[in-house]
Amino acid sequence: MKTLEYYDMNAAEVCARYETATPQAAHDLLLKTFPTRSRLLELGAGSGRDGAFLIAQGYDWTGLDASESMIAQAML
């Protein structure tokens, strides 16, 4: 429960850090792993950064997160 509380209380700061990280290696791995147009479910979607990338690449992406504050930040 402490982890969820941390994310709820610090969502804006955590999302800002996620958005400034260089995701190229992770994105390259995702593109190699899943065929285009795959349906993907991301648990712990955080800022939604990777989901936005996947949608832009033609994937059918759905993201879930236990932190309501993180979801609110991702929707900004």
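Residues numbered from 1 in each chain as written. Predicted model: local features only at pLDDT ≥ 70, side-chain atom pairs only at ≥ 80, totals over all residues. Heavy atoms only, no water.

Caption draft 1: Up close: the nonpolar core. Of all hydrophobic cores here, the largest spans six residues; its members are Leu40, Ala45, Phe53, Leu54, Tyr59 and Trp61. Filtering out sequence-adjacent residues up to four positions away, Ala45 remains in contact with Trp61, Gly63, Leu64 and Asp65. (Core = buried A, V, L, I, M, F, W, Y, C linked by side-chain atoms within 4.5 Å. Buried < 20%, exposed > 50% of the residue type's maximum accessible area, 1.4 Å probe, protein only. Contact = heavy atoms within 4.5 Å.)

Caption draft 2: View of the side chain of His27. With respect to the secondary-structure elements, His27 resides in helix H3 (residues 24-33). Using a relative accessible area of 7% as the deciding quantity, one classes His27 as buried. (Helix = DSSP H or I, 4+ residues; strand = E, 2+ residues; numbered from the N terminus.)

Caption draft 3: How the structure looks around the environment of Gly46. On the secondary structure map, Gly46 appears in the loop between strand S1 (39-43) and helix H4 (49-56). Judged by its relative accessible area of 8%, Gly46 is buried. The spatial distance from the C-alpha of Gly46 to the C-alpha of Thr36 is 22 Å, given a sequence separation of 10 residues. Contacts of Gly46, omitting those with residues within four sequence positions, involve Tyr18, Asp65, Met70 and Ala74.

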